[in-house]
Each structure stands twice: as C-alpha cells, then as structure tokens.
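Tertiary structure, described
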Amino acid sequence: MKKYEPKDIEPKWQRIWRENNTYRADEDPSKPKFYTLEMFPYPSGEGLHMGHVRNYSMGDLVARFKRMKGYRVLHPMGADAFGLPAENAAIQRGVNPREWTLNNMKRIREEQSRLGISYDWDRYVATCEPDYYRFTQWLFLLFYERGLAYRKKAAVNWCPECATVLANEQVEDGQCWRCDSEVEKKELKQWFLRITDYADRLVDDLEQLPHWPEKVKAMQRNWIGRSQGAEVTFTIPDLNDEPVSVFTTRPDTLYGVTYLVLAPEHPLVPQLIRGRENEESVGRFIDRMRKESELERTGSEVEKMGYDTGATARHPLTGEEIPIWVANYVLMDYGTGAVMGVPAHDERDFQFARKHGLEIRQVIQPKDETTEELKNAYVGEGVLVNSGEFDGLEHRKAISVIADRLEAEGRGGKTTSYRLRDWLFSRQRYWGCPIPIVYCDSCGTVPVPKEDLPVLLPEDAVFDGKRNPLATSESFVHTTCPSCGGEARRETDTMDTFIDSSWYFLRYTDAGNDRLPFDKDQADRWMNVDYYIGGIEHAVLHLLYSRFVTKVLHDAGMVKAVEPFEQYDPLGMVLKDGAKMSKSKGNVVSPMEIIDRFGADTARLFILFAAPPNRELDWSESGVEGSYRFLNRVWRMVEQHQDLFRDRPDSRPEDAEAKKLHRLLHQTVKKVTEDIGERYQFNTAISAVMELVNGIQAYPEDADRGTLAEAIEKTILMLAPSVPHLTEELWHSIGHSDSVHDQDWPSYDEKALIQDEIEIVVQINGKVRGKVVVPSQADRQTIQDQAMEQEKVKTMLEGKTVRKVIVVPGKLVNIVAN
Ligand code: ANZ
Ligand code: ZN
C-alpha cells in the first residue's frame, strides 16, 4: 500500500493546478456568480501567521464548495502594500521601502501558494505598484471633482516620534497606535474626504445588510454616532446680541438651564474674555485643553474643570441672563461646540455645577411625586415642572413641542448631530500613494490631469526619520503647472493607506484594466462581494471606508452596487494555551513549520475543524496530530478499496447494512451541504464527514459493494474543499482523469434519508426482554403481532395469560401477562 506523503503530493498538485489554470475565475455568464474574498495581507517581514491561514482556509473552503455547486466563482488575492513599517525599515536599516515590500510580498505569496488556496493569481493586485496606485490617484481626482476632497487648516493629532499626522482612529488612549508616543495637537493644512456627507446613508443602508453580524452593525452605528436633537440659539448681550447655538438631545429641559458652557476652542471665547480680569488664566486653560485628547477631557473619571468667562447669555424663551463658562468636557468638534448646562438632568452638568456652585433647577419630575433636593441628576421619565406654559407636559412629548416652538421663533429647531468627522486623509509620509495635486503661484491648487497619472514615487528621497522623505526629493517637488506650464510644486503628502483597501475589491473584478480603475460591466458582473472574511479589528474603519467609497463610485455611475459586502464574517483569533499568539509571549506556531511536518491539508483541516469561524481557536498540537491521523485513515480507506473501483459496481442498497450506510451517506451530504452553504459552520460539516468515515470503516465485507463505492467516492468529494491536495490525489487514484475540483457537489436523495425499518424494544411486565425490527410505517397491530412472534417472547409467555399489550410506535411494546 502506498503511504500518505503530503510532501510529495502537495507541491505536485499545486504545480498541475497552476499549469492548467484550474482556478482562473470562470466567466460563463449562464452560471450564477459568487464572489468570495479574504482580507488581503499587509506584507510585513514576518510572513504568514496562523490567523492568515485560518482566514484563507475558510475562504477557500467556500470558494471551492461554490465552484462544485455550479457557481462561477471569483476568489482573488493581493497585498495591502503601502504603510509605515516599510518606511520604518528604511529609516532604521537603510533598506529601500519598495524592495523591502516586494521581498515580503514574494515570500507571502509563496507561503500562500504552499497552502494550496484556489486563487485566481492572474488578478493579483499590489496596492504599492504604479498600475494600482495610478487608479487610486484617479479615484482621488474623482472625489476632488465631486467636491468630496478638500484642504483645510485643522488641529490635527501629531505624533512627534513618527513626525506625522494621525487620524483620530489611530490615536488610542492619547497615544500613537504604532509607537505609543503621546500624541499632540497641531494646526496644519490637511486634506480631508467628505465622508460626513454620507453619514445618513452609511447608517440607513445597514438595514440592507441582514447577513452582517448585529455586533458589527452596532459598531458602525456607534462610530457614526447619529444623534437626533435640537439646536437652541442663545444671544450674548455684551456682544451686541451675537447668537450662540448649542446642540442638545433634551430641549425639554430648556427651563432648567442655569449656565452655558463653551468648548475652550470655541471662536467666541477670545472676544468674551477680552479685557476681563481672568483673561490670562482662561487663556492658559485654553492652551492646555488644546493639547489634551478627547479622552483626557471627557473620560467619566476626569474632573470637570472650567472657568467663568464673566459674560452672560440670554435664554431664548425666558429672557433670563445666565453665566457663560468654558470647560474641559465640552468638545469643539461635536454638535456646535457649546452646551446648555442643565445640572438637574445631566450627570456631567450636575458634577460641574456642584463643583462650581452653580444653580441646580429641576424641571422634570416623575409623575405624582413631589420634589426633594436632588442627590444626583435625574435622568428618568417624567413631566415638566418650573417650565412656564409647558408645565405638565410629558417630557418625551415636550422634546418635540419645545423644538417646534424654538423653530417658530427663529431660535433653533430640530437637528441631527454626528460623531463622525470628515476623513483626515493626508499623511506626511513617503510610502503611500502620492496625492495628485500641484500648487502653482498663478493658478493655485491644480489637479494633475488623469492622462498624466501616475504621479510616481521618486527614488531619491532621504529617509532620516526627521521629515517627510517625499519633501526631500527635488526631482519630485519641482514640476510644471498642468494649467499654465509655469513653475509649480507638487503636493508632498501621501494618502492614508486605508484608501488603498477601500476599493481593491473592485479592482479585482477587472485587475488588468489600464484605462480605468475598473470597467462598469466587469464590476457589475461580480459585485457585491458575497462572502467577506477577515479580522474583527477591521469591523469599523476598513468596512466604513469601503462602504463610503463604494457609494461615491455608485453615485458617479461607476458601479451598480451601493454596498460592497453582502455578508461579512468576522474571524475569530487563533490562541495558544488561551493567549493570543504573539512574538512577545513566545507562543507563536509557524504555519510553514506545520506544513513541513504534516502538510497543508492537515493544517487546514485542523483549523477548520477545531472551532466555529467566529470563535477563538485554541491551537493544540494533539488536535493537529488528530487531523493528520484522520487524513491517514481516509488515505488507507481508499487504498484498501482500490479493487472496488476497478469495476465500480452500481449502488444497490438492499441488504440491511447497505441500507444503513446508504442512509448515513445521504444524511451526511445533506448536513455538509447545509452547514457549509447556508450556515457557514465548517467545523460541524467536517465532523459529519468524520462520522461517515467511521460508518464506512465498520461496513462488513459481505454487504453491497456498490453502496460502499458510492460512499467512498462522495466522501472524497465532500472533503475536497477542505483538503484539496489529498482528495485530488485520491480522486485520481480511483480512476478519474479530471480534477476533483471540477466535479459537481454530491447531491442527496430525500427518499434515502427516510429510515424504512426501526428497532423497537419489547418488554414483558415492564422489563426489557428483547428487540424487534419493524417497518417504520407499521401500524400498532403489525408491531404487536411481530413482537409476540419473537421466539424469546413466546417462550417467556408460555403458560401465562396476556392481559394487555401497550404499543408505543417507534419506541416499545409492553406485554402485561400473568
Ligand atoms: C442639554 C442636556 C440636558 C443634555 C440633559 C443632555 C441631558 P449625544 O447623545 O451623545 O448626542 N453635548 C452637546 N454638544 C456637546 C459637545 N460639543 N461636547 C460635550 N457635550 C456636548 O449627546 C448630546 C448631549 O451632549 C447634548 O444634550 C449636550 O447635553 C451634550 F438633561 O444638552 B445635552
Ligand atoms: Zn499655473
């Protein structure tokens, strides 16, 4: 008998598949389409880790399954190849970022190939290559034309260590997400993408995504942070009745306002404090606040700090004058940057008022209760009190009534606020996509014409870690104005690398296009991505940006899809001994070592079998060995029955054992088909096949041979998407000359699922005395007759009188006799 040698068969089949273009995307328009996608890797210097292997194994299983189910499948791969680590390598070790990246990419591709994933490699995209980033630039220009890209001076997060601007989401607890340095605020001119224009659609269209996990949709909603409320306009008598608006979700508490708070950065603050005695102390406070992060200012544990400006504001309905304060807990970039203080009904205001001796005025009261002094803010339900003509109104109703009144009087009205900010898009970095803009003294900001793209990254940049390397390249910076031909300077900022992965799934649909990012027909032929799988850490930004870009491209008439991903499946982590695999913990298991020892099929099988897709997976050596043993069993099972396939008898399940195996086979096909195709539960699908293999091994020599052959053949087919090499080898060994991966997925027969005979327990006076096999549809009388005819039963009943027979169909017969 031949031995199972993954070392030999895996490279062999990988080569043959490549030579035969087995996995080139099928374009046959008569077939339904299926687009399955795994998030593409960042080509770090480390190669693949187990998380990658898990991601690709799951995507590949689905891709292969769908192919066998008759779909034309798009299953591409690429590299998310721009980013900071390449530049850091350049700074620290003097290596060229491009070379560094391409080397890593090559290694990762080799490792991916060793896994035997069914990628259409012809569609490979690398975001750092000019043939890709040229179209990233093209898309930027489209955004620019549509008024969705703009430049403005902004207080931005600045990492002094990386010498670059960071997006809000790259600041974690006030620290740089990459190097953990303390992040500062700095005023700089930056490029932004107007994602806020799409905020409503980005929230509302989540309704169109029933196959996304609720948790992920909630994360998207929270990030966008849409909040319905009202704007209320106060006026400032000291400044000629200058209006100042606040955003509130609780206009019903308007009569409980006892002060106004402005964010320290609010543009009115300098005028309010000018010439007053506390001008200097408030000024210092403002400077300090500018440098603090959102969390440092608004965390629930953070003390509510503030200063009285000395100025007052006039209440829009009562005309009362109330003090204006500045405080740390009011942020400039939310709502209007100003808040009406209602200490009686807002926890933060309550703390602030207590600390600074401000009045606390209750205006909402629980029904049928009298007022006592508040010990906390009252945030519950109730009716309005101390609110003039609105007294007695239920507070929820009052939200709307008071907002309408303000609107009628021109002092505000209903409005919506969002947490989402425009996408801060520029980076003072080399290893990213250059922004195709030129600055000319006569013409101003000039976009580079699309036909002049790409704006290539120069080779002569200096990497000293102290400035933007792109700005050091004379050959890059100096250019001519596309509009007047005069001297001009290039934009030296590059794009946030999140943009590269915000449209790669569209590029795959038409990867070779050298005229356009992609052709509309091609994109429409494949979009949306039907099944997208990747780490939960991308559940907010990457998905949000991809959704935004898709909507903009839809609006521009470039693609029919309005959402990129039909179904998103977050990938669970791979753990070892209960902890995340990481270099620092020294618990990393290298995928390539596992492949060297056991082969890719074993690694894939273990990973698919050990846990449901979204759950954490605990790496276990014994689990891997168990998978390897199982594959050896399958191997031997087929080897032992080689003779069976020489004359391949037809299946005739007539004897009892054959009927049993036949039924098990069809039950297994049904379960595996549904587990993979409907539930995406790969682990249970595999365990069902394992049970079938047990059934085959227990099958007696003298039972129907054709039934056995069918069971073995279909086992190979059902394992093909999970362990593609082994099954291909076995498929050929039993006499086929075409690929197992080109076969139809096995079907099952509903009739075969029905059990036609069942075993029933026979009791005499409540004690089990025997068993009887009866047709599953048999009536009571037939069951009773057959039970009574059993030899053993007959003997035991000799000399006794049967008093009663109880028949429970499907279960038992109890004979009462004495
Ligand atoms: C008065 C009020 C009374 C409020 C009350 C709440 C309860 P969400 O739900 O997150 O949208 N607010 C508004 N702008 C702010 C800013 N720039 N910085 C800090 N806080 C701000 O929160 C809206 C509420 O947060 C607003 O409603 C406002 O306080 C505060 F019983 O106004 B409220
Ligand atoms: Zn010009």
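What you see is a predicted model; the values in this text were computed from it and never measured.

Let us look at the overall build of the protein. A count of helices and strands for the protein gives 27 helices and 34 strands. Taking 2.2 N^0.38 as the reference for a compact globule, 818 residues should give roughly 28 Å; the C-alpha atoms of the protein span a radius of gyration of 35 Å, well beyond that estimate. Once the C-alpha set of the protein is aligned to its principal axes, its extents read approximately 115 × 80 × 50 Å. The proportion of buried residues among the 818 residues of the protein is 54%. Carbon together with sulfur atoms contributes 46% to the accessible area of the protein, which is approximately 36200 Å² in total. Across the protein, the 106 positively charged side chains and the 131 negatively charged ones have centroids separated by 3 Å.

In contact at an axis separation of 10 Å, helix α7 (residues 214-224) and helix α16 (residues 541-555) are set at 75° when each is read in the N-to-C sense. It follows from the interaxial angle that α7 and α16 lie roughly perpendicular. Only Leu541, Leu543, Leu544 and Arg547 of α16 make contact with α7, whose side of the interface consists of Val216, Gln220, Trp223 and Ile224. Taken together, the residues of the contact of α7 with α16 sort by class into six nonpolar, one polar and one charged.

Now for the coordination of the zinc ion (ligand 2). Those protein atoms acting as donors to the zinc ion (ligand 2) are Cys440 (SG), Cys443 (SG), Cys481 (SG) and Cys484 (SG), and they sit at 2.2 to 2.4 Å. Taken together, the four donor atoms coordinating the zinc ion (ligand 2) and their angles of 105 to 114° define a geometry best described as tetrahedral. Between the donor residues of the zinc ion (ligand 2), the gaps in sequence give the motif C-x2-C-x37-C-x2-C. A residue pair is termed long-range when its members are at least 10 positions apart, and Cys440 in strand β21 (residues 437-440) and Cys481 in the loop between β23 (478-480) and β24 (487-490) qualify at 41 residues. The class for Cys440 is buried, based on a relative accessible area of 6%.

Moving on, we get to unusual backbone geometry. The peptide bond linking Leu453 to Pro454 adopts the cis configuration, its omega dihedral lying at 0°. As for its position among the elements, Pro454 is in the loop between β22 (444-447) and α13 (474-477). With an omega dihedral of 0°, the bond running from Met527 to Asn528 counts as a cis peptide bond. Locating Asn528 in the fold gives a position in the loop between α15 (520-526) and β26 (531-535). For Tyr680, which is not a glycine, the phi torsion comes out positive at approximately 50°. As for its placement among the helices and strands, Tyr680 is situated in the loop between α21 (656-677) and α22 (682-697).

Its domain assignment divides the protein into domain 1 (33-130 + 499-580), domain 2 (227-417), domain 3 (591-753) and domain 4 (757-817). Relative placement of domain 2 and domain 4: their C-alpha centres are 83 Å apart.

Burial within helix α18 (residues 600-609) is extensive, with nine of its 10 residues counted as buried. Buried within α18 we find Ala600, Asp601, Thr602, Ala603, Arg604, Leu605, Phe606, Ile607 and Leu608.

This part covers the nonpolar core. What tends to happen in soluble globular proteins is that the nonpolar side chains get buried as a cluster. One finds Phe548 and Trp619 to be the most contacted residues of the largest nonpolar core, which totals 117 residues. Looking at this core, the element that brings in the most residues is helix α5 (residues 130-145), giving nine residues. Both of domain 1 (33-130 + 499-580) and domain 3 (591-753) provide at least three residues apiece to this core. With near-sequence residues (within four places) excluded, Phe548 lies in contact with Phe143, Leu193, Arg194, Ile195, Tyr198, Leu202 and Trp423. Counting residues in each nonpolar core, the second largest holds 60 residues, with Ile9, Met58, Val689 and Ala703 among its members.

Once that is clear, we can look at the packing of aromatic side chains. For the structure on display, the rule yields 41 aromatic pairs. When the centroid spacing of 5.5 Å and the interplanar angle of 70° are considered together, the rings of Trp17 and Tyr23 count as edge-to-face. As far as burial versus exposure is concerned, Trp17 and Tyr23 are alike and both buried. Pairing Phe505 with Phe565 gives two aromatic rings, centres 5.0 Å apart and planes at 70°, and the pair type is edge-to-face.

All right, on to the site of ligand 1 then. Taken together, the neighbourhood of ligand 1 is formed by 17 residues, with Ser227, Thr248, Leu331, Tyr334 and Arg419 sitting nearest. Ser227 is positioned such that a nitrogen or oxygen atom in its side chain is 2.6 Å from an oxygen atom of ligand 1. In isolation ligand 1 offers 650 Å² of accessible surface; the protein chains occlude 86% of this area. Breaking the shell around ligand 1 down by element, the ones donating at least two residues are β11 (242-248) and β15 (338-341). Its residues assigned to classes, the shell around ligand 1 shows eight nonpolar, five polar and four charged.

Time to look at the pattern of salt bridges. Evaluation of the coordinates by the stated rule reveals 50 salt bridges. As a salt-bridge pair, Asp204 and Arg226 come within 2.8 Å of each other at their nearest N and O atoms. Of the two residues, Asp204 sits in helix α6 (residues 199-204) while Arg226 sits in the loop between α7 and β10 (227-236), which places them 22 residues apart along the sequence. Among the residues examined, Asp204 registers a relative accessible area of 36% and is labelled partly exposed. Residues Asp252 and Arg250 are paired through a salt bridge, measuring 3.0 Å at the closest nitrogen-oxygen approach. Residue classification places Asp252 among the buried residues on the basis of a relative accessible area of 0%.

Once that is clear, we can look at the UniProt feature "domain: Aminoacyl-tRNA synthetase class Ia" (unreviewed entry) in the protein. Here, UniProt's "domain: Aminoacyl-tRNA synthetase class Ia" (unreviewed entry) annotation points to residues 420-619. End-to-end, the C-alpha atoms of residues 420-619 are 39 Å apart, and along that stretch the chain is 24% helix and 19% strand.

Criteria and thresholds
Residues numbered from 1 in each chain as written. Chains lettered and ligands numbered in written order. Predicted model: local features only at pLDDT ≥ 70, side-chain atom pairs only at ≥ 80, totals over all residues. Heavy atoms only, no water. Helix = DSSP H or I, 4+ residues; strand = E, 2+ residues; numbered from the N terminus. Rg over C-alpha atoms; globule rule 2.2 N^0.38 Å. Buried < 20%, exposed > 50% of the residue type's maximum accessible area, 1.4 Å probe, protein only. Areas by Shrake-Rupley, 256 points an atom, 1.4 Å probe, with all protein chains shown as cover. Lys, Arg positive; Asp, Glu negative; His and termini not counted. Charge placed at Lys NZ, Arg CZ, Asp CG, Glu CD. Axes fitted to C-alpha atoms, helices over the stretch in contact; angles between N-to-C directions. Parallel < 35°, antiparallel > 145°, perpendicular 65-115°, else oblique. Contact = heavy atoms within 4.5 Å. Nonpolar A, V, L, I, M, F, W, Y, C, P; charged D, E, K, R; others polar. Donors = N, O, S within 2.8 Å, 3.2 Å for Na, K, Ca; no water. Tetrahedral: all angles 85-135°; square planar, octahedral: opposite > 155°, others 65-115°. Domains from an automatic or database assignment. Core = buried A, V, L, I, M, F, W, Y, C linked by side-chain atoms within 4.5 Å. Phe/Tyr/Trp six-rings, centres within 6.5 Å; stacked < 30°, edge-to-face > 60°. Near = heavy atom within 4 Å. Polar contact = N/O pair within 3.5 Å; in protein donor to acceptor, adjacent residues only side chain to side chain. Salt bridge = Lys/Arg side-chain N within 4 Å of Asp/Glu carboxyl O. UniProt positions renumbered as here; feature names shortened; annotations may be inferred.

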